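Each chain, written out:
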Amino acid sequence: MQYAVQAVKFSPTAASYRALGSAYEGAGKTQKAIAAYRQGLGVDPKNAELCVVLANIYAKSRDFTKAVGLYERAIQHDPRDVLAYSDLAYVYRETGNEA
C-alpha cells in the first residue's frame, strides 16, 4: 500500500487513485477505498472504470441508489463498458427493477 500512497503523492492521476483504492479495498479499508476512488473521479470525472469500481463497493454494501447512479454515469461516459451494464442489471435484479 505504501507504493500506492507514494504514487498518488508523486502523480495524482485517476490511475494512481485507482491503484490506491484497490490497495485499500484489498486491505479491508472500505471507507479509505471509497475516498481514493472519489478523489480519482475528482481528477477525471469521466473515468468509467472508477465509476464502476466505486459502484461495486456500494452494491456490495446494498446501497443500490448510489450504485445505480455510478453505473449509469459509467455507461454515459463509456457506452461500450459491458461490465457496467452487467453490474447495473444485477442491481436492478436485486431491487426488483425490471428496467
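Above this text is the structure in question.
Residues numbered from 1 in each chain as written. Predicted model: local features only at pLDDT ≥ 70, side-chain atom pairs only at ≥ 80, totals over all residues. Heavy atoms only, no water.

Examining the overall build of the chain
We apply this condition: Under the DSSP-based scheme used, a helix requires at least four consecutive residues in state H or I and a strand at least two consecutive residues in state E, with every element numbered from the N terminus. Each radius of gyration reported is based on C-alpha atoms, and the globular scaling rule is 2.2 Å times the count of residues to the power 0.38. The classification of residues rests on relative accessible area computed with a 1.4 Å probe and restricted to protein chains. Under 20% of the type maximum is buried, over 50% is exposed, and intermediate values are partly exposed. We get accessible surface area from the Shrake-Rupley algorithm with a probe of 1.4 Å; when it comes to residues, only the shown protein chains can shield them. Positive charges come from Lys and Arg alone, negative charges from Asp and Glu alone, with His and the N- and C-terminal ends not counted. Where a charge sits is defined by one atom per residue type, namely NZ (Lys), CZ (Arg), CG (Asp) or CD (Glu).
Of the regular secondary structure elements, the chain holds six helices and zero strands. The helix and strand sequence of the chain, counted from the amino end, reads α-α-α-α-α-α. The globule rule puts the C-alpha radius of gyration for 99 residues at 13 Å, and the 14 Å found for the chain is close to it. Its C-alpha atoms give the chain principal-axis dimensions of roughly 45 × 25 × 15 Å. A total of 99 residues make up the chain; the buried ones form 38% of that total. Of the roughly 5900 Å² that the chain leaves accessible, carbon and sulfur atoms contribute 53%. Within the chain, one finds 12 positive and 10 negative side-chain charges whose respective centroids are separated by 9 Å.

Focus: the environment of Gly28
Along the polypeptide, Gly28 turns up in the loop between helix H2 (14-26) and helix H3 (30-43). For the pair formed by Gly28 and Ala89, sequence separation is 61 residues and the distance between their alpha carbons is 26 Å.

Details of the side chain of Asn47
Counted only if it meets this: Any pair of N or O atoms that falls within 3.5 Å is considered a polar contact. Within protein, one atom must be able to donate a hydrogen and the other to accept it, and sequence-neighbouring residues count only if both atoms are side-chain atoms.
With respect to the secondary-structure elements, Asn47 resides in the loop between H3 and helix H4 (48-60). A polar atom in the side chain of Asn47 sits 2.9 Å from the backbone nitrogen of Leu50.

Side note on the pattern of salt bridges
As a reminder of what qualifies: Between Lys or Arg on one side and Asp or Glu on the other, a salt bridge is scored when a side-chain nitrogen of the former is within 4 Å of a carboxyl oxygen of the latter.
This structure, assessed with the given rule, holds three salt bridges. A salt bridge links Arg62 to Glu94; the shortest N-O distance between them is 3.3 Å. Linking Arg62 in the loop between H4 and helix H5 (64-77) with Glu94 in helix H6 (residues 82-95), this pair joins segments that are 32 residues apart in sequence. Classification of Glu94 by relative accessible area gives partly exposed; the value is 32%. Here Lys66 ties to Asp63 by a salt bridge, and the two come within 3.8 Å at their closest N and O atoms.

Considerations on the side chain of Asp87
Heads up, the rule is: Any two residues whose heavy atoms approach within 4.5 Å at even a single point are treated as in contact.
Examined against the element boundaries, Asp87 turns out to sit in helix H6. One buried charged side chain, Asp87, makes no salt bridge at all; its nearest oppositely charged neighbour is Arg93, positioned 9.1 Å away. If sequence neighbours within four positions are ignored, Asp87 has contacts with Val52, Asn56 and Tyr71.

Looking at the nonpolar core
For clarity, the threshold we go by: Among buried residues, those of type Ala, Val, Leu, Ile, Met, Phe, Trp, Tyr and Cys that are joined through side-chain atoms within 4.5 Å constitute a nonpolar core.
Counting residues in each nonpolar core, the largest one holds 32 residues, and the members touching the most others are Tyr37, Leu54, Ala67, Leu70, Tyr71 and Val91. Breaking this core down by element, the ones donating at least two residues are helix H1 (2-10), H2, H3, H4, H5 and H6. Broken down by element, the residue count for this core peaks at ten residues, all from H4. Apart from the residues lying within four places of it in its own chain, the contact partners of Tyr71 are Val52, Ala55, Asn56, Ala59, Ala84, Asp87, Leu88 and Val91.

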